[in-house]
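Here's the letter readout for the chains.
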Amino acid sequence: MHKAHVLLAEDDMALGFVIKDTLQLEGFEVTHCTDGEQAWQQFQKKSFDICLLDINMPVRDGFSLAKKIRQLSDVVPIIFLTAKSQEEDKIKGFQHGADDYITKPFSIQELKMRMDVFLRRTKKLLADNIEEYQIGKLKFVYNELKIYTGNEAIALTQKECDLLRFFARHINKVLKREEVLRNVWGKEDYFLGRSMDVFITKLRKYLKSDSNVVLETIHGVGFRLLVN
């Protein structure tokens, strides 16, 4: 049975420990980060089912973190955990992509009940919109962030999935670098291009189990996902 994976961004160590410990006892998998930048780095590396974000955190605050998360995923629920209760803060939170808002102090049971509502909603949304692609002998299920090869499942990050989905929608077609950047990252610049090259290398590793699938670099132009 799949354990829901929670990204907990909370700089109060004592509160973070209580939330993490209690949720783990309830059957959740929890990644706890003590600042917003650390949480952002974890979100890019792993697949999360729900995010619990404090607003006032060092390095990167909750509003900024939520905005970055929404650039990668429209689906994952975001709940703000905050001592603030002013109306303008709630509005700002929703404007940055939050789904809900719980004010400290709160009971863990109330938090869990709210989490369950969004997890059920997301599960239904994903079940109603399964997005699968056949790439040679490989099955790519975008909603699950996985590539299936035989009995093996390879877990991908959200950004890896976004990139592979774009290629899977254009199999055997040459795609320009700037076209890929605009569609997957939303814009093009030098540093994003370098980041994309890293993701391309990772995708090649995932696809190598089928020798008939090649993610080609077309020098001076871009890329092509070639399926023979």
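Note that the coordinates shown come from a computational prediction; the quantities given were computed from them, not determined experimentally. Every chain is numbered on its own, with residues counted from 1 as its sequence reads. The model is predicted, so local features are restricted to residues of pLDDT at least 70 and side-chain atom pairs to those at 80 or more, both for listing and for counting; the totals for chains, interfaces and linings are taken over all residues. With hydrogens and water stripped out, all remaining heavy atoms of the structure feed into the side-chain values.

A. Inspection of the packing of aromatic side chains at higher detail. Aromatic rings from Phe, Tyr and Trp, with only the six-membered ring used for Trp, were paired whenever their centres fell within 6.5 Å, and each pair was classed as stacked if the ring planes differed by under 30 degrees, edge-to-face if by over 60, and tilted otherwise. What the rule picks out here adds up to 9 aromatic pairs. For the pair Phe43 and Phe48, a centre-to-centre distance of 6.2 Å together with 10° between the ring planes defines the contact as stacked. The residues Phe43 and Phe48 share a single accessibility class, namely buried. Its guanidinium or amino end placed over the ring of Tyr148, Lys139 lies 5.4 Å from that ring's centre, counting from NZ or CZ. By definition here, charges over rings are those cases where NZ of Lys or CZ of Arg is within 6 Å of the ring centre and within 35 degrees of the ring normal. Directly above the aromatic system of Trp185 lies the positively charged group of Lys159, at a separation of 5.0 Å from the ring centroid. Buried means the residue's accessible area, taken with a 1.4 Å probe over protein chains only, is under 20% of the maximum for its type, while exposed means over 50%, and partly exposed covers the values in between.

B. Up close: the sheet that holds strand S6 (residues 132-135). Strand order in the open sheet made by the 4 strands is S6-S7-S8-S9, with antiparallel pairing throughout. Each of the sheet's edge strands pairs with one partner strand only, and the pair in question is S6 and strand S9 (152-155). When strand polarity is set aside, the average angle formed by the axes of neighbouring strands in this sheet is 20°. In terms of strand pairing, strand S7 (residues 138-141) meets strand S8 (residues 146-149) through 3 bridges, oriented antiparallel. Across the sheet, Phe140 pairs through a bridge with Ile147, a residue of S8. A pair of strands is treated as paired once DSSP finds two or more bridges between them. Each helix is a run of H or I in the DSSP string that is no shorter than four residues. Each strand is a run of E no shorter than two, and both are numbered from the N terminus. Axis lines are fitted to C-alpha atoms, over the contacting stretch for helices. Their N-to-C directions set the angle, which ranges from 0 to 180 degrees.

C. Summary view of the nonpolar core. Note on terminology: a nonpolar core comprises buried Ala, Val, Leu, Ile, Met, Phe, Trp, Tyr and Cys residues joined through side-chain atoms within 4.5 Å. The biggest cluster of nonpolar side chains holds 32 residues, and the ones touching the most others in it are Ile135, Ile147, Leu163 and Phe167. Elements supplying a minimum of two residues to this core: S6, S7, helix H6 (158-168), helix H7 (177-184), helix H8 (190-207), strand S11 (213-218) and strand S12 (222-227). Once you skip the residues sitting within four places of it in the chain, Ile147 turns out to touch Leu138, Lys139, Phe140, Glu152, Ala153, Ile154, Leu156, Leu164, Tyr206 and Leu207. Any two residues whose heavy atoms approach within 4.5 Å at even a single point are treated as in contact.

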